[in-house]
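Below, each chain spelled out in residue letters.
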Amino acid sequence: MKTPLYSLHRTLGAKFINFAGWDMPTFYSSVKDEVLAVRNSCGLFDVSHMGRLTLEGKGATECLEYLTTNSIKKLYPGRVQYNLLVNERGGVVDDITIYMLDEERFMLCVNAVNTQKVKDWIYKYHAVEDISNKTVQIALQGKMSQSLISKLFPVDGLKYYHFKVFDSAIVSRTGYTGEDGFEIYAKLEDGIEVFKKLIAEAKPCGLASRDVLRIEAGFALYGHEISEEITPVEASLDRFISFEKDFLGKETILSKEVKRKLFGLELLERGIPREGYKIYLSGKEIGYVSSGTYSYTLEKGIALCFVDINFRKENLEVEIEVREKRLKALLRSYPFLRKP
């Protein structure tokens, strides 16, 4: 599958990768250049491969309230919420963002790999419409993003995790990089034009830099830090669980013994931690890497990892097995980039 912006990516010299069945740009110039562009100025991502679903009508609020861990009652029109769809076992069907467009009318942004699954899951409880093929989704991220997007949309005063609806688009102050940024949802023709205007001043960025940026920011990725077998508590996402409400899988989450939880790790020696690499303390295996990368911002290897809760301690020196060699590392909290 190809996004509506595919031909523009080819013109821009993108190198492609197949991701969840989509031909997506993995990088244009270099991953390092794209990471540093977002951290220091501004980068533009095509994220149209993500799923976009709508729910509306009587019962939509109650449906979402039951199927998710966070409280839908905290939402109001113009507000965005990070939330977790869970199954009967307390595992995560998908992590999503929910946009309350109006009372009893919502838009959900879901992971590309899970779009059909989420559609089918929600449809058991309420009618849902897939608008993914009718729209383009763009992410403009970085310190200069507000000044650039303001040339197209009046977003002054738009708060973090809020959105505005314009004639041709929804613009939210959200992102997946740890920087200030915006996501734009627009009809096909309008979205293509918006991308063309923004790319004249913002650096095009691919999925490889997006992955580095999200690990630096400590954001979970479905299939790595969360899955249908991993509960939100194990993924250290407790702050997105409203235990005062009833929701699917709540009792299982409360009763399940938590043996490992998500934590951070940084290498003290040269190397790159990768998914599946084992973590040791005094020769004993105490965890494993769920996502790892080389941080171009910090100039060191970093990782998100699941660690035995008894050893999940700040600045605990451990070893990580990298290609049959054990390297020194520190366990630490995340995000890895501290904002002033």
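Here the structure is shown first, and the text comes after it.
Now for a quick tour of the structure.

### A word on the pattern of salt bridges
- All told, the structure shown has 21 salt bridges when counted by the stated rule.
- Here Glu228 ties to Arg89 by a salt bridge, and the two come within 3.7 Å at their closest N and O atoms. Highlighted residues: Glu228 in the loop between α7 (207–217) and α8 (250–255) and Arg89 in the loop between β5 (80–86) and β6 (92–102), separated in sequence by 139 residues.
- Classification of Glu228 as partly exposed rests on a relative accessible area of 24%.
- In this structure, the salt-bridge partner of Glu225 is Arg214, at a minimum N-O distance of 2.9 Å. Placement of Glu225 in the loop between α7 and α8 and of Arg214 in helix α7 is noted, with a sequence separation of 11 residues between them.
- Looking at Arg214, the relative accessible area reads 1%, which means it is buried.

### Details of unusual backbone geometry
- The amide bond that connects Tyr334 to the next residue, Pro335, takes the cis arrangement and shows omega of 10 degrees.
- Notably, Asn315 is not glycine yet its phi reads approximately 65 degrees, a positive angle.
- Position of Asn315 relative to the elements: it lies in the loop between β17 (300–308) and β18 (317–322).
- With a relative accessible area of 51%, Asn315 lands in the exposed category.
- Here the phi dihedral of Arg323 falls at roughly 50 degrees; this positive angle occurs in a residue that is not glycine.
- Tracing the chain through its elements places Arg323 in the loop between β18 and β19 (325–332).

Cut-offs applied
The numbers attached to residues start from 1 for each chain and follow its sequence in the written order. Selection of residues for local features in this predicted model requires a pLDDT of at least 70, selection of side-chain atom pairs for listing and counting requires 80 or more, and totals for whole chains, interfaces and linings are taken over all residues. Hydrogen atoms and water are omitted, and side-chain values are computed over all heavy atoms in the structure. Here, a salt bridge means any Lys or Arg side-chain nitrogen found within 4 Å of an Asp or Glu carboxyl oxygen. Put simply, DSSP H or I for four residues or longer makes a helix, DSSP E for two residues or longer makes a strand, and each gets a number counted from the N terminus. Relative accessible area decides the class of each residue, using a 1.4 Å probe on protein chains only: under 20% of the type maximum gives buried, over 50% gives exposed, and in between gives partly exposed.

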